[in-house]
Amino acid sequence: MSKSKFLKGFGTVVIVLALVRCIFPSIASQRGEDGNDDLAASKEMVNDEPADTLAETNADKPAETKLSLGRDDQKTKVQNRHPIMGVYSYSEAFPDSNDVQLETAKRLGVKEVGDRLEAEERKGELVYMAASPYYHVDRLKSSIPYLIPKAAILLNDMGRHFFDSLYVKGIPLHKLVVTSVLRSQDDLRKLKTVNVNVSENSCHLYGTTFDVAYNRYKTVSDPDGPPRREVSNDTLKWVLSEVLRDLRKQERCFVKYEVKQGCFHITVR
């Protein structure tokens, strides 16, 4: 074939293809879409790589890219935070009256304690409970910081679970505030001088019971660091109610929601 015939044939083919593309433009767009599908499939393959492989790949990326990946990780952590649910009704979720708790307190607890000195001497039955990192013991005016071992373990677990719940929900750590613990006969006599209606059948007499405030909390902060983000007492109360609900469902305690006293009245089971 001569050169002139070849050029004429080639030119004719180009013109025909151009006319086909003009008449049937979908042919060109279909090819582009197929290319996009291939790109999407390749992205899916990258996303399906094991975490170790991705980590090794990212190790060779520039610092700017690593920073971007770090931000994405932070967004993922925020999205994965556990939601705050609370309970539908405090009174319905925690209905265990003093009479219900008293029966268990008498069965599991110690004989009534005369005063603090006697409590300290009964180390085989009672333990000092005011040295835990998971809760704060308020200034006790009408009780002393002693519980039976089982109740002390419950309180410590409660504070630890509260920490865990705050952490997974992205809330700054706060300690529970314990407002009342073991009540001695001496404490009972003092209370009667200011309130003649004080009951002598209190669960607090047996070392099985303690009160935890729901309207006050102790912020955990670094004295040399920046101030912590403020959290409302209502938010912390919702988280605490979830912890108490779970412990109650596990049959580890009885819980009474005390409206006037601003606390949860809790007895170990």
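Residues numbered from 1 in each chain as written. Predicted model: local features only at pLDDT ≥ 70, side-chain atom pairs only at ≥ 80, totals over all residues. Heavy atoms only, no water.

A.B. asks: Sorry if this is basic, but what is going on with the confidence of the model for the protein here?
C.D. replies: Low pLDDT marks stretches whose predicted atomic positions should not be read closely. Overall, the predicted model of the protein reaches an average pLDDT of 81, with 75% of residues at or above 70. Counting contacts from residues 31-78, a segment whose pLDDT is below 50, to residues more than four positions away or on other chains yields seven contacts. (pLDDT = per-residue confidence, 0-100. Contact = heavy atoms within 4.5 Å.)

A.B. asks: Where do I start with the packing of aromatic side chains in this structure?
C.D. replies: The geometry of an aromatic ring pair is captured by the separation of the ring centres together with the interplanar angle, meaning the angle of the planes. Evaluated as defined, the whole model comprises nine aromatic pairs. Look at Tyr90 and Tyr257: their rings are 5.1 Å apart centre to centre, the planes differ by 25°, and that puts the pair in the stacked class. Separated by 167 residues along the polypeptide, Tyr90 in helix 5 (residues 90-93) and Tyr257 in strand 7 (residues 253-258) bring together distant segments of the chain. In this pair, the class of Tyr90 matches that of Tyr257, namely buried. For the pair Phe94 and Phe264, a centre-to-centre distance of 5.3 Å together with 75° between the ring planes defines the contact as edge-to-face. With Phe94 in the loop between helix 5 and helix 6 (98-108) and Phe264 in strand 8 (residues 263-268), this pair connects stretches of sequence that are 170 residues apart. In this structure Phe264 comes out as buried when scored by relative accessible area, which is 0%. (Phe/Tyr/Trp six-rings, centres within 6.5 Å; stacked < 30°, edge-to-face > 60°. Helix = DSSP H or I, 4+ residues; strand = E, 2+ residues; numbered from the N terminus. Buried < 20%, exposed > 50% of the residue type's maximum accessible area, 1.4 Å probe, protein only.)

A.B. asks: Just checking my understanding: could you explain unusual backbone geometry for this structure?
C.D. replies: Most peptide bonds adopt trans geometry, and most residues besides glycine take a negative phi value. Of note, the phi angle at Glu251 is positive, near 60°, even though the residue is not glycine. When you line up the elements, Glu251 lands in the loop between helix 10 (233-249) and strand 7.

A.B. asks: Explain the pairing of strand 4 (residues 174-180) here, please?
C.D. replies: When a strand is regular, its side chains alternate between the sheet's two faces. Counting buried positions along strand 4 yields five of seven residues, so the element is predominantly enclosed. Alignment of strand 4 against strand 6 (residues 218-219), held across two bridges, turns out to be antiparallel. Its bridge partner being in strand 6, His174 is matched across the sheet by Thr219. (Pairing = 2+ DSSP bridges.)

A.B. asks: Help me out: how do you make sense of the pattern of salt bridges in this one?
C.D. replies: Side-chain pairs of opposite charge can arise where the charged atoms are in close proximity. Scanning the entire structure with this criterion turns up 11 salt bridges. Here Glu118 ties to Arg122 by a salt bridge, and the two come within 2.9 Å at their closest N and O atoms. Of the residues examined, Glu118 reaches a relative accessible area of 26% and is grouped as partly exposed. Close ionic contact of Asp186 with Arg189 constitutes a salt bridge, the shortest N to O distance being 3.6 Å. Note that Asp186 and Arg189 are positioned in helix 9 (residues 185-194) at a spacing of three residues, about one turn of the helix. Asp186 gets classed as partly exposed once you look at its relative accessible area, which sits at 25%. (Salt bridge = Lys/Arg side-chain N within 4 Å of Asp/Glu carboxyl O.)

A.B. asks: Explain helix 6 here, please?
C.D. replies: An α-helical turn contains 3.6 residues, so a residue and the one three or four places further along point in the same direction. Taken together, the buried positions of helix 6 are occupied by Gln101, Leu102, Thr104 and Ala105. For helix 6, the secondary structure elements touched by its buried residues are strand 5 (209-213), strand 7 and strand 8.

A.B. asks: How should the environment of Phe163 be read in this particular structure?
C.D. replies: Position of Phe163 relative to the elements: it lies in helix 8 (residues 149-168). We classify Phe163 as buried; its relative accessible area is 13%. Through-space distance from the C-alpha of Phe163 to that of Lys175 is 7.6 Å; in sequence the pair is 12 residues apart.

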